[in-house]
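Summary of structural features
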Amino acid sequence: MSAAADSAIPRHIAVIMDGNGRWAQQRRRPRAIGHRAGARAVNVCIDFCLERGVQALTLFAFSSENWGRPADEVGALMKLFMGALEREVDELDRRGVRVRFIGERERFSPAIRERMAAAERQTLGNTRLHLVVAASYGGRQDIAMAARALAQDVQAGRLRAEDIDERAVAARISLADLPAPDLFIRTGGDHRISNFLLWQLAYTELWFTDLLWPELDAATLQQALDDYARRERRFGLTSAQIAAQASEDTPA
Ligand code: IPE
Ligand code: IPE
Ligand code: MG
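1. Section: helix H3 (residues 31-52)
At 3.6 residues per turn, the α-helix brings residues three or four places apart onto the same side. Its 22 residues give H3 an end-to-end C-alpha distance of 32 Å, which sits within 8% of 32 Å, the value for a rise of 1.5 Å per residue. Every buried residue of H3 is accounted for by Ile33, Gly34, His35, Ala37, Gly38, Ala41, Val42, Cys45, Ile46, Phe48, Cys49 and Leu50. Immediately downstream of H3, the backbone of Gly53 shows phi near 75 degrees, a positive value.

Right, here's the structure in full:
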């Protein structure tokens, strides 16, 4: 594969899976039914990333703020989450997927926490696709925890305050060991970040679709990839500079 073709495939895709509730409402069904349909769409997305050779996929499954939803909806989501952990991990493992969770794990029940840890242990050695599930996750919380870790290092004498820079923060934030997301996808028609990866999305290409998450299909994901491949990522530089870099990178 040529260098140009490689750079057309995002290494890391971050997804806000939104619209389950509205999908159910359109069908006059309870919101929990929408979440169940949404769980199927997760597999569509994982399959697509495996086929296209995407290295990392981060899925926003449940935000810090989603705990505030009605108790029966939160309960249904926890049941679905537990069910997915019980059912899907062996198959993911078989397909070479490494699974990891980011977010405030303490807020989940001990049974769910144990399953999360077991899934991470079981798939630790896999390298084909890195699947990150953001659950009980908030971008502000993530940054606050990085700030806390820095303060603890300073307090313990391992770090000087004047050495705190972007790299020091980046090293203590979620996904520090992965490339930053190249492409962000949000379904459901809303154009916002909703406290997802605030630090990590600094230069990510954003892509939105009105499609509701349970309706997700490979053709839509391909549209996002095609659009991504046409974009020029400048990272604050000029077009001419980017073109010069690209010609240096391409072997004659
Ligand atoms: C996303 O779908 C799933 C979660 C937030 C858990 P929603 O439940 O937010 O669906 P809408 O946005 O209400 O349609
Ligand atoms: C973002 O969706 C969180 C997840 C998809 C898990 P929300 O539905 O919670 O976001 P808002 O409330 O529309 O911003
Ligand atoms: Mg929503």
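2. Here we look at the pattern of salt bridges
Enumeration according to the criterion identifies 24 salt bridges in this entry. Between Asp182 and Arg11 there is a salt bridge; the shortest N-O distance is 3.4 Å. Of this pair, Asp182 sits in the loop between helix H7 (166-171) and strand E5 (183-186) while Arg11 sits in the loop between helix H1 (3-8) and strand E1 (12-16), and the two are 171 residues apart along the sequence. Residue classification places Asp182 among the buried positions, given a relative accessible area of 4%. By relative accessible area, which is 40% here, Arg11 ends up partly exposed.

3. A look at the site of ligand 2
Around ligand 2, a shell composed of Ile16, Met17, Asp18, Phe60, Ala61, Phe62, Ser63, Asn66, Arg69, Arg186, Arg192 and Ser194 is seen. One of the side-chain N or O atoms of Asn66 is found 2.9 Å from an oxygen atom in ligand 2. Within the side chain of Ser194, one N or O atom sits 2.6 Å away from an oxygen atom of ligand 2. When the free accessible area of ligand 2 is taken as 390 Å², the share hidden by the protein chains comes to 79%. Looking at the shell around ligand 2, the element that brings in the most residues is strand E2 (residues 56-63), giving four residues. Tallied by class, residues from the shell around ligand 2 come to five nonpolar, three polar and four charged.

4. A closer look at the sheet that holds E2
Taken together, six strands build an open sheet; the order of strands is E3-E4-E2-E1-E5-E6 and the sheet is parallel. Each edge of the open sheet carries a strand with a single partner, namely strand E3 (97-102) and strand E6 (205-208). The mean angle between the axes of side-by-side strands here comes to 20 degrees, regardless of whether they run parallel or antiparallel. Pairing of E2 with strand E4 (residues 129-137) involves seven bridges; the strand directions are parallel. Of the residues in E4, the one forming a bridge with Phe60 is Ala134.

About the cut-offs
Residues numbered from 1 in each chain as written. Chains lettered and ligands numbered in written order. Predicted model: local features only at pLDDT ≥ 70, side-chain atom pairs only at ≥ 80, totals over all residues. Heavy atoms only, no water. Helix = DSSP H or I, 4+ residues; strand = E, 2+ residues; numbered from the N terminus. Expected span 1.5 Å × (residues − 1). Buried < 20%, exposed > 50% of the residue type's maximum accessible area, 1.4 Å probe, protein only. Salt bridge = Lys/Arg side-chain N within 4 Å of Asp/Glu carboxyl O. Near = heavy atom within 4 Å. Polar contact = N/O pair within 3.5 Å; in protein donor to acceptor, adjacent residues only side chain to side chain. Areas by Shrake-Rupley, 256 points an atom, 1.4 Å probe, with all protein chains shown as cover. Nonpolar A, V, L, I, M, F, W, Y, C, P; charged D, E, K, R; others polar. Pairing = 2+ DSSP bridges. Axes fitted to C-alpha atoms, helices over the stretch in contact; angles between N-to-C directions.

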